[in-house]
Amino acid sequence: MDLFSNTTNLLPYDGETLYYGHILSISEANRYFEALMHNIAWQHDEAIIYGKHYITKRKVAWYGNENYNYTYSNTTKQALPWTPELIALKQLVENITGTQFNSCLLNLYHTGEEGMAWHSDDEKALGNNTIIASLSLGAARKFSFKHKKTAEKRDIILEPGSLLVMQGTTQTHWLHRLPPTKTVKNARINLTFRSIVY
Ligand SMILES: O=C(O)CCC(=O)C(=O)O
Ligand SMILES: [Fe+2]
């Protein structure tokens, strides 16, 4: 039995997304935020859309068990080996979710003006009904879901030190995004633990 089983599904149908709230104390969340700011190999993300090359303001980093090649937005990333902080966080998230993860995509949003557009994490490498565990550090930000057919929406505030888990058919039927906002001035780090199936 997991310790956090009293969570409810944020989505009304066609998927399961659980918000576990704080899984780290404020001081632990601050300590990890500072450590990851300095110790992660942050790089600007690249995408090739209709043949045009884009570089994002947001920074990303990709870590994993092996040298996974991971392709999205027409660019291929290679995973770096886990750092001690990432191993500790992965362990914590695995204990709570009862699931093993073999990789983690990190995002660094320097201010509220950086976000992520509507998408679903439905790359082939994640397989069907994948489970993605999303840990937030730094600034609290709004996170939104939109159903692909009905356009029904759900919003949630992701607090620092909190865990959100997207599973079941969430990626098949729902888009999600991190909307940009002028009111947030501070940086946020998000870690999405994932399982690459090949
Ligand atoms: O920053 C977030 O909370 C979400 C990031 C995300 O959706 C992704 O990396 O696929
Ligand atoms: Fe995503």
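Note: the structure precedes this text.
Below is a short write-up of the structure. Note that the structure is a prediction, hence the values are computed from the model and not measured.

Quick notes on the side chain of S162
Part 1 of the argument: Tracing the backbone through its elements, the reader meets S162 in strand β12 (residues 162–167).
Part 2 of the argument: Of the polar contacts made by the side chain of S162, one reaches the backbone oxygen of E159; its length is 2.7 Å.
Part 3 of the argument: Those residues in contact with S162 that sit more than four places away from it in its chain are Y19, G21, H22, I23, S134, L135 and S136.

Re the sheet that holds strand β11 (residues 153–158)
Part 1 of the argument: The sheet built from 4 strands is open, its strands ordered β8-β13-β10-β11 with antiparallel pairing. Because the sheet does not close on itself, it has two edges, and the strands there are β8 (116–119) and β11. Mean inter-strand twist for the sheet, computed between neighbouring axes without regard to direction, equals 15°.
Part 2 of the argument: Looking at chain direction, strand β10 (residues 141–147) and β11 are connected through 6 bridges and run antiparallel. What sits directly across from S144, in β11, is D155.

Some points on helix α2 (residues 84–97)
Part 1 of the argument: The terminal C-alpha atoms of α2 lie 20 Å apart, and with 14 residues this matches the ideal 20 Å at 1.5 Å per residue to within 8%.
Part 2 of the argument: Inspection of α2 places E85, L86, L89, K90, V93, E94, I96 and T97 among the buried residues, and these make up the whole buried set. Along α2, the residues classed as buried sweep out an arc of 160° about the axis, all on the same side. Exposed side of α2, more than 90 degrees from the buried face: P84 and N95 are the residues found there.
Part 3 of the argument: One or two steps after α2, the chain reaches G98, where phi turns positive at roughly 65°.

A word on the coordination of the iron ion (ligand 2)
Part 1 of the argument: Protein coordination at the iron ion (ligand 2): the donors are H119 (NE2), D121 (OD) and H176 (NE2), at 2.1 Å from the metal.
Part 2 of the argument: Between the donor residues of the iron ion (ligand 2), the gaps in sequence give the motif H-x1-D-x54-H. One end of the pair, D121, is in the loop between β8 and β9 (132–138); the other, H176, is in strand β13 (residues 174–178), with 55 residues separating them in the sequence. Grouping residues by exposure puts D121 and H176 together as buried.

Overview of helix α1 (residues 26–39)
Part 1 of the argument: Taking 1.5 Å as the rise per residue, α1 with 14 residues should run 20 Å; its terminal C-alpha atoms sit 20 Å apart, in good agreement.
Part 2 of the argument: For α1, every residue scored as buried is listed here: A29, Y32, F33, A35 and L36.
Part 3 of the argument: Residues of α1 that are buried sit in contact with α2, β7 (103–109), β9 and β14 (188–194).

Some words on the packing of α1 against α2
Part 1 of the argument: Relative to each other, α1 and α2 sit at 135°, their axes nearing to 10 Å. Comparing the axis directions of α1 and α2 gives the class oblique. When you trace α1 past α2, the crossing you get is left-handed. In this structure, α1 contributes Y32, A35, L36 and N39 to the contact, and α2 contributes E85, L86, A88 and L89.
Part 2 of the argument: Across the contact of α1 with α2, the residue classes tally to 6 nonpolar, 1 polar and 1 charged.

A look at the site of ligand 1
Part 1 of the argument: Surveying the vicinity of ligand 1 reveals 13 residues, the closest of which are N107, Y109, D121, R188 and R194.
Part 2 of the argument: N107 is positioned such that a nitrogen or oxygen atom in its side chain is 3.0 Å from an oxygen atom of ligand 1.
Part 3 of the argument: Y109 places a polar side-chain atom, nitrogen or oxygen, 2.6 Å from an oxygen atom of ligand 1.
Part 4 of the argument: Contact with the protein chains covers 98% of the free accessible surface of ligand 1, which is 300 Å².
Part 5 of the argument: Put simply, the parts of the chain that give the shell around ligand 1 at least two residues each are β7, β8 and β14.
Part 6 of the argument: Among the elements that take part in the shell around ligand 1, β14 stands out by supplying 4 residues, more than any other.

About the thresholds
Sequence order as written defines residue numbering, which begins from 1 separately in each chain. Lettering of chains starts at A and numbering of ligands starts at 1, both following the order in which they are written. Restriction of local features to residues with pLDDT of at least 70 applies here, the model being predicted, together with a cutoff of 80 or more for giving and counting side-chain atom pairs; totals for whole chains, interfaces and linings are based on all residues. Only hydrogens and water are removed before side-chain values are computed, so all heavy atoms of the structure are retained for them. The way it works is that DSSP assigns letters per residue, a run of H or I at least four long becomes a helix, a run of E at least two long becomes a strand, and they are numbered from the N terminus. We call two N or O atoms a polar contact when they sit within 3.5 Å, provided that within protein one can donate a hydrogen and the other can accept it, with sequence-adjacent residues counted only if both atoms are side-chain atoms. It only takes one pair of heavy atoms within 4.5 Å for two residues to be counted as in contact. When DSSP finds two or more bridges between two strands, those strands count as paired. Axis lines are fitted to C-alpha atoms, over the contacting stretch for helices. Their N-to-C directions set the angle, which ranges from 0 to 180 degrees. By this rule, a helix spans an expected 1.5 Å times one less than how many residues it contains. Each residue gets one of three labels from its accessible area relative to the maximum for its type: buried under 20%, exposed over 50%, partly exposed in between, using a 1.4 Å probe on protein chains only. In this description, the arc belongs to the directions extending from the helix axis to the C-beta atoms. Atoms of type N, O and S within 2.8 Å of a metal are treated as its donors, and for Na, K and Ca the window is 3.2 Å; water is not considered, so some sites may appear to be missing partners. Throughout, the term roughly parallel applies to angles under 35 degrees, roughly antiparallel to angles over 145, roughly perpendicular to angles from 65 to 115, and oblique to all others. By convention, the crossing between two helices is left-handed when the near helix turns anticlockwise from the far helix through less than a right angle, and right-handed when the turn is clockwise. Residues are grouped as follows: Ala, Val, Leu, Ile, Met, Phe, Trp, Tyr, Cys and Pro are nonpolar; Asp, Glu, Lys and Arg are charged; all remaining types, including Gly, are polar. A molecule or strand has a residue near it when one of that residue's heavy atoms lies within 4 Å. Computed by Shrake-Rupley with a 1.4 Å probe, the accessible areas treat only the displayed protein chains as cover when residues are assessed.

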